[in-house]
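Here's the letter readout for the chains.
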Amino acid sequence: MAQVLIRKSNLAELVAFLTSQQKVVAPTPLSNNQYKFAEVNSLAEIALDYIPTILPPKKYCLPQHETLLKYDVTNGQQMQAVVEVEELLLFGVHTCDLAGIQCLNMVFSDRPRDLHYMIRKKYITLIGLECNTYCDGYANCAMLGNHLPKGGYDLFLSELEDCYFVDVNTHKGELLVEGSGLFEPITSAVENDLHALRKTKQEIFKSELPINYQDLPRLFEETFECDTWAQIGEKCLSCGNCTNVCPTCYCFDVIDEPDLDLNKGRRIRVWDSCQHENFAKVAGGESFREKRSDRKRHRFNRKFRYPLQRYRQVFCTGCGRCSRTCMAKIDLKATISALLEERG
């Protein structure tokens, strides 16, 4: 749509304007170099230089616990659909997490459409923030092309020397630019600085593994019976950490929670994990993926192979959260390297 700039000296005023309009959520620091998305009221609370948060911003698009309907059987069976929404602005979202939200958009807009997700998403404004260098050694965003902005935002900020280059991508973004009165037209010098930044990033961000993006599905097809999976299965704790922190994992369970009088209650959607033992268990106690190695192999294929068949999109964004949070130290890049070596 358009490009503008905002001076770094005006960023605090921008955050103040945004918080006066709606609830603003941004990356905030915790201890031990950990970060989380949380509500903020000023720029001072925001971490602009941060590694991926413990949980991705998908928790606002697809909450961990979400009421789908309420019921009352006091006088017959009465049900009322519920959509829990609020105006929300996500500030400072990295490109890997923007890619994750785009994957979720594909899934939940596919038939049958998930109206709860679709309605909730309309109330969320996204302001992205570019990474000028690697967040840490766990990331594999360059291999997947997610170190650069590829849409999915209303505004996107790229940090330059004394200002931010801002890409305005939607009408909602235009309204924020016009309403704040803090943005300026782009100058040729700023455009040159952006080109220089992207050229520098070409030298910094290199494919983290010796395999082309297009060859990943074939790798996982050809290594389906490899010994690597058994080795990983011996380490895996089936805790579900990797799926909880993944920006694109969307599996859920639906549970009815009755009140104490058993006449009223609610139906809720909760996050689930394909890594849990009971996930693939069906009536009679049979399980499609009884072994931990089968479940771990399934998860990798759900990121690098199966989604390409339906959506033509890899569902790993390269954020590194699964490797960063794994208690068994199962590393995504090390796993792919082991598969490449075993395949030969």
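Everything discussed here concerns the structure shown above.
None of the values given here were measured: they were computed from a predicted structure.

(A) Inspection of the overall build of the protein chain at higher detail. In terms of helices and strands, the protein chain carries 14 helices and twelve strands. By the compact-globule yardstick of 20 Å for 344 residues, the protein chain fits well, its C-alpha radius of gyration being 22 Å. Overall, the protein chain is about 65 × 65 × 40 Å in size when its C-alpha atoms are taken along their principal axes. Here the protein chain holds 344 residues, and 50% of them are scored as buried. Within the protein chain, contacts between residues separated by at least 24 positions form 72% of all contacts whose residues are at least 6 apart in sequence.

(B) Looking closely at the packing of helix α9 (residues 227-235) against helix α11 (residues 292-304). One can describe the packing of α9 onto α11 by two numbers: an axis separation of 7 Å at closest approach and a directional angle of 110°. Taken together, the axes of α9 and α11 are roughly perpendicular relative to one another. Judged by the twist between their axes, the crossing of α9 over α11 is right-handed. Mapping the contact onto sequence places W229, A230, I232, G233 and E234 in α9 and R292, S293, K296, R297 and F300 in α11. Its residues assigned to classes, the contact of α9 with α11 comprises four nonpolar, two polar and four charged.

(C) Inspection of α11 at higher detail. The end-to-end C-alpha separation of α11 is 19 Å, in line with the 18 Å expected for 13 residues at 1.5 Å each. Where burial is concerned, most of α11 is hidden: eleven out of the 13 residues are buried.

(D) Seen up close, the sheet that holds strand β5 (residues 78-81). Across the sheet, four strands lie side by side as β5-β4-β12-β11; this open sheet has antiparallel pairing. Edge strands, defined here as strands with exactly one partner in the open sheet, are β5 and β11 (252-258). Taking each pair of neighbouring strands and ignoring which way they run, the sheet shows an average axis angle of 25°. Looking at chain direction, strand β4 (residues 65-72) and β5 are connected through four bridges and run antiparallel.

(E) Molecular detail of unusual backbone geometry. Of the consecutive residues R111 and P112, the connecting peptide bond is found in the cis state with omega at -5°. Within the secondary structure, P112 is located in the loop between α3 (95-109) and α4 (115-122). In this model, L262 sits at a positive phi of 65°, which is unusual for a non-glycine residue. Relative to the elements of secondary structure, L262 occurs in the loop between β11 and β12 (264-271).

(F) A look at a nonpolar patch on the surface. On the surface, V83, V85, L115, I119 and Y123 cluster together to form a nonpolar patch covering roughly 380 Å² of accessible area. As for its placement among the helices and strands, L115 is situated in helix α4. Given the relative accessible area of 57%, L115 is considered exposed.

(G) Molecular detail of the pattern of salt bridges. Counted according to the given criterion, the structure contains 17 salt bridges. Close ionic contact of R266 with E257 constitutes a salt bridge, the shortest N to O distance being 3.2 Å. What makes R266 partly exposed here is its relative accessible area of 31%. Residue classification places E257 among the partly exposed positions, given a relative accessible area of 33%. Salt-bridge contacts for R297 lead to D294; the nearest nitrogen and oxygen are separated by 3.3 Å. Separated by three residues within a single helix, R297 and D294 lie in helix α11, roughly one turn from each other. Judged by relative accessible area, R297 falls into the buried class, the value being 13%. When salt bridges that share partners are traced, they join E66, D114, R120 and R269 into one network.

Cut-offs and rules
Residues numbered from 1 in each chain as written. Predicted model: local features only at pLDDT ≥ 70, side-chain atom pairs only at ≥ 80, totals over all residues. Heavy atoms only, no water. Helix = DSSP H or I, 4+ residues; strand = E, 2+ residues; numbered from the N terminus. Rg over C-alpha atoms; globule rule 2.2 N^0.38 Å. Buried < 20%, exposed > 50% of the residue type's maximum accessible area, 1.4 Å probe, protein only. Contact = heavy atoms within 4.5 Å. Axes fitted to C-alpha atoms, helices over the stretch in contact; angles between N-to-C directions. Parallel < 35°, antiparallel > 145°, perpendicular 65-115°, else oblique. Left-handed = near helix turned anticlockwise from the far one by under 90°. Nonpolar A, V, L, I, M, F, W, Y, C, P; charged D, E, K, R; others polar. Expected span 1.5 Å × (residues − 1). Pairing = 2+ DSSP bridges. Patch = residues over 30% accessible without salt bridge, like charges linked within 9 Å, V, L, I, M, F, W, Y side chains within 5 Å. Areas by Shrake-Rupley, 256 points an atom, 1.4 Å probe, with all protein chains shown as cover. Salt bridge = Lys/Arg side-chain N within 4 Å of Asp/Glu carboxyl O.

Limitation: the analysis is restricted to geometry and does not speak to function.
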